[in-house]
Every structure is written in C-alpha cells, then in structure tokens.
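Descriptive analysis of the structure
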Amino acid sequence: MRTSSPKTFLITGVSSGLGRAFAQGALDAGHRVVGTVRRSEDAEAFAALDPDRAHPLVLDVTDYDAIPVATAKTENIVGPVDVLVNNAGYGHEGVLEESTMDDLQRQFAANVFGPVAMMKAVLPTMRERRRGHIVNVTSMGGFITMPGISFYCGSKFALEGISEALGKEVASFGIHVTALAPGQFRTDWAGRSMDRTPRSIPDYDEVMNPLREARQAKSGNQPGDPSKAAQVLLSLVEAENPPIRLFLGDDALGLVDQKLEAMKAERHHWDTLSRSTSFGA
C-alpha cells in the first residue's frame, strides 16, 4: 500500500539482509530512499530498484569524517532526511577470553560509533525542522545475552542505551528515537556476514562448540521474515507516538519475558543487601 505522504529515508547497509528489505518496503510504499553501500557495484544494483527514488550512497559508516559531508551532499540533492534507519553492522562471535581488543574495536566501530556519527549528521536538520524519526536497529541481544557473542551484545546494549537517552534529549523538538530489536531473521547475519574468532582454549569447548554449530545450522532457516520487518518499520514511522523500543519476533519476546522474570526474582532476593548502602540503613 502506497503512503499518502512520501518521506525521505536514509538507510544504512542496504546491499542485503534487513537493510535491503527495509529499503524495498519503503520504495514500494512510495518513499524516497537514500541507501548506503560500501561498493560501487552494490550502488548500481540499489539504484536499479527504482531509478527515480532509490539513491545509492557509497559510504562506510566507520569512516566518521566522511559521514557529515556525505549526508549534507545527499540532503542537497534529495532534500532533508525524515527517517534515519541505522541498520549497518555485523555480528562478532567469539569467547571473550579468546577474542582480541581489535575485535572489540571493530565491533563497536560498526555497531555503535558509526550509528552515532550518522545520528549526529542528521540531527541538526531534524532539530531545525522540529521533526524526524531515528530508528536504530539493535537486537534482542541488546537486552538478553548469549555466551559467545559478548562483544556483539555489548555493542547492542550500548546502542540501546544511547537510543533511549537521545530520545529524551530530542523529544521536545518533535524527533522520535526508536530502538528496533529483532530476534532471528532469515538473513545472512549468522552466515558469511558473521566475524568468527578461531577457537583456541579447550576449556570453552563444552559451551561454545554446540552454540557455534547450532547457529551455523540455523543460518538460512531463521523464523523471521525480513519483508514483514519492513512493514513494521513503515508502521513505526507513521505512528503518532512510536515506542522507545520494539522487539521483533516470538523468539525475541519469549527470551525477553524470561529475562524480565529472572531479573525480578534476583532483584527481590537481594533486596536487603541493595538497601543496605544508605546512611542510617
């Protein structure tokens, strides 16, 4: 269904996966989409989706200095950005003890620092216009955790916190910020797109080997449909009062509910110790 009020979307990482689905959904609804890619051949493929409304932008979101220039140039061509979707990123799989500090730096560069640089680039115009919507694609791993992806979970926890705090900073300007937290979707996130640290410490075999095998086996068979996630995105940007955080998928909701119950039980179990730190306690 086509929208009655076309918007300009800036979506990072549109060459595949959820980013491509988000872009296609927005184009099908009649919106203009500026999509970032890292390779010129991907730019050509994206432009071919709709010669009039699909505008490729060759940009690596970890090149922070290039982001303000590229964004300003884009807005001069297609107009102000109404919706920023920070989708670009990747997953790192590896036991923390086996992973390097360089692994951590790269994970945060793509999943946290790049999105923040994108937000800083679009906020001045959104603030001047007193409207806009920033959608940061996080993960259920930004609230629940699983062994073997500690750097990834850490990056998504960070982006969740930044999103929520930023939303409070810009609410009075008419700017919405939503953390969109998918569960398992049928993309290549757990396949060729995942960066895997080689195993080296046998003590972790019992924990890691089954998890790594299960994740690789499930790649391509995840329950989430990217095209349906795209329809959710379109509903979000049309909502008068969009949520601060939205989980996607039965798997995400189930794991989140389990964690909330566990947190509640643990909080009550340690209540006396928590309250023992006040003067006069």
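Fair warning: this is a prediction, and the values are worked out from it, not measured in the lab.

1. Observations regarding the packing of aromatic side chains
Counting across every chain of the model gives 2 aromatic pairs. Here the aromatic rings of Phe 143 and Phe 247 are separated by 6.0 Å at their centres, their planes lie at 65 degrees, and the arrangement is edge-to-face. In this pair, Phe 143 is assigned in the loop between strand E6 (132-137) and helix H5 (150-170) and Phe 247 in strand E9 (residues 245-248), connecting sequence segments 104 residues apart. With relative accessibility at 17%, the residue Phe 247 sits in the buried group. In this arrangement the basic side chain of Lys 259 is found over the ring face of Phe 143, its NZ or CZ atom lying 4.9 Å from the centre.

2. Some remarks on helix H3 (residues 66-78)
Its 13 residues give H3 an end-to-end C-alpha distance of 18 Å, which sits within 8% of 18 Å, the value for a rise of 1.5 Å per residue. All of the buried residues along H3 are Ile 67, Ala 70, Thr 71, Thr 74, Glu 75 and Val 78. For H3, the angular spread of buried residues about the axis comes to 135 degrees, placing them on one side. Across from the buried face of H3, at angles greater than 90 degrees, the exposed residues are Val 69, Lys 73, Asn 76 and Ile 77. Where H3 is buried, its residues touch strand E1 (8-12), strand E2 (32-37), strand E3 (54-58) and helix H4 (101-129). Positioned one or two residues after H3, Gly 79 has a phi angle of 105 degrees, which is positive.

3. A few points about the side chain of His 133
For His 133, the location among the structural elements is in strand E6. Residue classification places His 133 among the buried residues on the basis of a relative accessible area of 4%. Within the structure, the side chain of His 133 is placed 3.0 Å from the side chain of Thr 178, a separation counted as a polar contact. His 133 has contacts with Asp 82, Val 83, Leu 84, Met 126, His 176, Val 177, Thr 178, Leu 236, Val 237 and Pro 242, leaving out every residue within four places of it along the chain.

4. Overview of the pairing of E1
For a regular strand, side-chain orientation follows a simple rule: the groups alternate between the two sheet faces. Most of E1 sits out of view: 5 of its 5 residues are buried. Because side chains alternate across E1, one face comprises the buried residues Thr 8, Leu 10 and Thr 12, and the other comprises Phe 9 and Ile 11, equally buried. Sheet topology places E1 next to E2; 5 bridges connect them, and they run parallel. Residue pairing in the sheet places Phe 9 in a bridge with Val 33 of E2. One crossover worth recording links E1 to the parallel E2 by way of helix H1 (residues 17-28), and it is right-handed. Bridge count for E1 against strand E4 (residues 83-86) is 3 bridges, and the pairing is parallel. Bridge assignment links Ile 11 to a residue of E4, and that residue is Val 85.

About the criteria used
Residues numbered from 1 in each chain as written. Predicted model: local features only at pLDDT ≥ 70, side-chain atom pairs only at ≥ 80, totals over all residues. Heavy atoms only, no water. Phe/Tyr/Trp six-rings, centres within 6.5 Å; stacked < 30°, edge-to-face > 60°. Helix = DSSP H or I, 4+ residues; strand = E, 2+ residues; numbered from the N terminus. Buried < 20%, exposed > 50% of the residue type's maximum accessible area, 1.4 Å probe, protein only. Lys NZ or Arg CZ within 6 Å of the ring centre and 35° of its normal. Expected span 1.5 Å × (residues − 1). Arc of directions from axis to C-beta. Contact = heavy atoms within 4.5 Å. Polar contact = N/O pair within 3.5 Å; in protein donor to acceptor, adjacent residues only side chain to side chain. Pairing = 2+ DSSP bridges. Right-handed = clockwise from strand over helix to strand, strands pointing away.

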